[in-house]
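Per-entry structural report
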Amino acid sequence: MTQFGDTADGFTASVTVYVPTSCPQDVLEHHLRHYAVEFRNWIIAAAAARA
């Protein structure tokens with residue numbers, strides 16, 4: 001679940017990832033790296049839009 005909200009100074013983000021307990025560790029790590037890259041891209045885009 002991902003939610004973004006505007007604030008006077010920028011935005012807030014609420015990020016929740018659910019995975020089954022049986023999920024292999026390497027799949028979980030890959031998924032978390034993917035999210036890290038995606039959120040970095042969104043934050044950079046948001047900062048550029050403010051400039």
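Procedures and definitions
- In every chain, residue numbers begin from 1 and rise along the written sequence.
- pLDDT decides what is reported in this predicted model: residues at 70 or higher carry local features, side-chain atom pairs at 80 or more are listed and counted, and totals for whole chains, interfaces and linings draw on all residues regardless.
- To get the side-chain values, take all heavy atoms of the structure and skip hydrogens and water.
- Going along the chain from the N terminus, every DSSP run of H or I of four or more residues is numbered as a helix, and every run of E of two or more is numbered as a strand.
- Here the globule rule reads 2.2 Å times residues to the power 0.38, and the radius of gyration is calculated from C-alpha atoms.
- Throughout, exposure labels follow a simple rule: accessible area from a 1.4 Å probe, protein chains only, divided by the maximum for the residue type, with under 20% read as buried, over 50% as exposed, and the rest as partly exposed.
- For accessible areas, the Shrake-Rupley method is used with a probe of radius 1.4 Å. Any residue's cover is judged against the shown protein chains and nothing else.
- Confidence of the predictor at the level of single residues is given by pLDDT, which spans 0 to 100.
- The contact criterion used throughout is that any non-hydrogen atoms of two residues lie within 4.5 Å.
- A pair of strands is considered paired only if DSSP assigns at least 2 bridges between the two.
- For Phe, Tyr and Trp, where Trp contributes only its six-membered ring, two rings pair if their centres lie within 6.5 Å, and the inter-plane angle classes them as stacked under 30 degrees, edge-to-face over 60, or tilted in between.
- A patch consists of residues whose relative accessible area exceeds 30% and which take part in no salt bridge; residues with like charges are grouped when within 9 Å of each other, and nonpolar side chains (Val, Leu, Ile, Met, Phe, Trp, Tyr) when within 5 Å.
- Salt bridges are identified by distance alone: a Lys or Arg side-chain nitrogen within 4 Å of an Asp or Glu carboxyl oxygen.

The secondary structure content of the protein chain amounts to 1 helix and 2 strands. Along the protein chain, helices and strands appear, N-terminal first, in the series β-β-α. The C-alpha atoms of the protein chain give 14 Å as radius of gyration, which overshoots the globular expectation for 51 residues (10 Å, by more than 25%). In terms of its C-alpha atoms, the protein chain occupies a principal-axis envelope of roughly 45 × 15 × 10 Å. For the protein chain, the proportion of its 51 residues judged to be buried stands at 2%. Here the protein chain has roughly 4400 Å² of accessible surface; of this, 58% comes from carbon and sulfur atoms.

A residue-level look at the protein chain finds 100% of positions with pLDDT of 70 or above and a mean pLDDT of 88. Confidence, read as mean pLDDT per element, is least for strand 2 (residues 10-15) in the protein chain (84) and greatest for helix 1 (residues 25-50) (89).

Relative to the assigned elements, Gly 5 resides in strand 1 (residues 2-7). A residue is classified by how much of its surface remains accessible, and Gly 5, at 23% relative accessible area, is partly exposed. Gly 5 sits 40 residues away from Ala 45 along the chain, and the two C-alpha atoms are 15 Å apart. Setting aside residues no more than four positions away along its own chain, Gly 5 makes contact with Gly 10, Phe 11 and Thr 12.

Right, let's talk about the pairing of strand 2 for a bit. Remember that side chains alternate between the two faces of the sheet whenever the strand is regular. Pairing between strand 1 and strand 2: 6 bridges, direction antiparallel. Across the sheet, Thr 7 pairs through a bridge with Gly 10, a residue of strand 2.

The geometry of an aromatic ring pair comes down to the distance between the two centres and the angle between the two planes. Scanning the model with the defined rule gives 4 aromatic pairs in all. A ring pair is formed by Tyr 35 and Phe 39, whose centres lie 5.6 Å apart and whose planes are at 20°; its orientation type is stacked. Linking Tyr 35 with Phe 39, this pair stays in helix 1, spanning 4 residues, or about one helical turn. Each residue in the set Phe 4, Tyr 35, Phe 39 and Trp 42 is aromatic and connected to the rest through ring pairs, giving one cluster.

Attention shifts here to a nonpolar patch on the surface. Taken together, the side chains of Phe 4, Phe 11, Trp 42 and Ile 43 define a hydrophobic patch exposed on the protein surface, amounting to about 390 Å² of accessible area. Mapping Phe 11 onto the fold places it in strand 2.

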